[in-house]
Amino acid sequence: MVTARPSLAERVRFTAVEYAERPENLPEEISWAAEIPDGITGLLIATEWLDNVPLDVAVHTTEGWRYVLVDPDSGVETIGESVTPDDLDWLTTWWPDLTGSPSATSDPDPGLTSTDATSGSEPGFRAARSAQGSSLTARSRPGCPETPSGDYQRAEIGRTRDDAWASAVRKMDRGLAVAVDYGHLSADRPVDGTLTGYRGGRQVPPVPDGTSDVTAHVAMDSVASAGAAVARCAYSVVLQRDALRALGADGGRPPISLAGTDPAGYVRALAAASAVAELTDPAGLGGHLWLRQPVGIPLGSVVAR
């Protein structure tokens, strides 16, 4: 006797992971947890999570890479001590030198497939964030009297984010882990960094005084390499607009003829098209990068084209 396989709706279990309190209006079928559960089989989606992971900021001086210190009340920056050996190793591997070329020890697009590699020079790659971030960055303690100037190259050391993503991938037994964030690749790191603040949806100076969210974009290729070392499966990085279009969301307007035969349907389709257009706008949310990391399954089976 062959037993019928349960439907997808019967097999799927939704879990939201967030430190905040569970929203009162969240449907009961969605679980709420403060930590990523173990033994995931299925899909793990981290949307603008990695830019919430704190990191240190450094500047390259005549004495090498040194930490940026910041006054938590005024936001005034000073230059601190030399970076630790672990952070120096990360910078040597993942951040370009002062000439703008990638480090000799780094692969400019490690692990990216030839069809999914995303060039950092494409429109929208450095798009202004349309939503708030919340990562506290730069060290908050007194520093040397020397103040960073525009002559110094800045870097945002993503080692903590690499570790966070690797830990998330370890939670998966089989499936696909997806990280969605504004980010950059080694061939196009921002010379001045991306550290900024947001308050009420508006961009403000990155002062870690508790009144605004302080955030920085993600070195997505570094994160991807850390996840691949755990999953031992190929990954891909692609712009959000390309990922959504590959899934059939092109933002095209419905035919005007639909308005005459099904006015309500036309309005719904128009609203859906408007939402997709916002998600694929290269100057906005379409500038997000998607890191797709399979775990125990082939990359081709989860990359739509």
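The structure this text deals with has already been given above.
Along every chain, residues carry numbers that run from 1 in the direction the sequence is written. Predicted model: local features are reported for residues with pLDDT of at least 70 only, side-chain atom pairs are reported and counted for 80 or more only, and whole-chain, interface and lining totals are derived from all residues. No hydrogens and no water enter the side-chain calculation; it runs on all heavy atoms of the structure.

Undergrad: Can you walk me through the overall build of the protein in this structure?
TA: Each helix and strand counted, the protein has seven helices and 15 strands in total. Working definition: with a 1.4 Å probe on protein chains only, accessible area under 20% of the residue-type maximum means buried, over 50% means exposed, and in between means partly exposed. Of all 305 residues assigned to the protein, the portion counted as buried reaches 44%. Counting contacts in the protein only where the partners sit at least 6 residues apart, residues at least 24 apart contribute 73% of the total. Carbon and sulfur atoms provide 55% of the accessible area of the protein, an area that totals close to 15900 Å². Think of it this way: any DSSP run of H or I at least four residues long counts as a helix, any run of E at least two long counts as a strand, and we number them from the N terminus. Contact criterion: two residues are considered in contact whenever any of their non-hydrogen atoms come within 4.5 Å of each other. The Shrake-Rupley method, run with a 1.4 Å probe, gives the accessible areas here. Residue values count only the displayed protein chains as cover.

Undergrad: Honestly, the environment of Thr 211 in this entry has me stumped. Any pointers?
TA: Tracing the backbone through its elements, the reader meets Thr 211 in the loop between β11 (202–204) and β12 (213–215). With relative accessibility at 43%, the residue Thr 211 sits in the partly exposed group. C-alpha separation for the pair Thr 211 and Gly 200, spaced eleven residues apart in sequence, amounts to 9.9 Å. Polar contacts, as used here, are pairs of N or O atoms within 3.5 Å; protein pairs need one atom able to donate a hydrogen and one able to accept it. Residues neighboring in sequence count only if both atoms are side-chain atoms. A distance of 3.1 Å separates polar atoms of two side chains, one belonging to Thr 211 and the other to Arg 199. Polar contacts involving the side chain of Thr 211 include one to the side chain of Asp 209, which spans 2.7 Å.

Undergrad: I'm lost on the sheet that holds strand β7 (residues 153–157) in this one. Help?
TA: Within a sheet, neighbouring strands are paired by backbone hydrogen bonds and run either parallel or antiparallel to one another. A sheet is described by the order of its strands in space; here four strands give the open sequence β6-β5-β4-β7, paired in antiparallel fashion. Two strands in the sheet have a free side with no partner beyond their single neighbour: β6 (77–82) and β7. For this sheet, the mean angle separating the axes of adjacent strands, direction not counted, is 40°. Here the rule is simple: two strands pair whenever DSSP picks up at least two bridges between them. Bridge analysis of strand β5 (residues 64–70) against β6 gives four bridges, and the strand direction is antiparallel. For Val 68, the partnering residue across the bridge sits in β6 and is Ile 79. Helix α2 (residues 85–94) contacts β4 (56–61), β5 and β7 of the sheet and is inclined by roughly 110° relative to β7. Note on geometry: axes are lines fitted to C-alpha atoms, helical ones only across the stretch in contact, with angles between N-to-C directions running from 0 to 180 degrees.

Undergrad: What exactly am I supposed to notice about the environment of Arg 22 here?
TA: Here Arg 22 shows up in the loop between β1 (14–17) and β2 (30–33). On the basis of relative accessibility, which here comes to 34%, the residue Arg 22 falls in the partly exposed class. In this structure, the C-alpha to C-alpha distance between Arg 22 and Ala 33, residues eleven residues apart in sequence, is 8.4 Å. The contact partners of Arg 22, leaving out residues within four places of it in the chain, are Pro 27, Glu 28, Ile 30, Ser 31 and Trp 32. Separated by 3.0 Å, the side chain of Arg 22 and the backbone oxygen of Pro 27 make a polar contact. In this structure the side chain of Arg 22 is engaged in a polar contact, spanning 2.8 Å, whose partner is the backbone oxygen of Ile 30.

Undergrad: Even after reading the chapter, I still don't get the packing of aromatic side chains, so can you show me in this structure?
TA: Here the aromatic set is Phe, Tyr and Trp, taking the six-membered ring for Trp, and pairing holds for ring centres within 6.5 Å; pairs whose planes are under 30 degrees apart are stacked, those over 60 apart are edge-to-face, and all others are tilted. Summed over the entire model, instances satisfying the criterion amount to one aromatic pair. Their ring planes at 40° and their centres at 6.3 Å tell us that Trp 90 and Trp 95 sit as a pair that is tilted. As far as burial versus exposure is concerned, Trp 90 and Trp 95 are alike and both buried.

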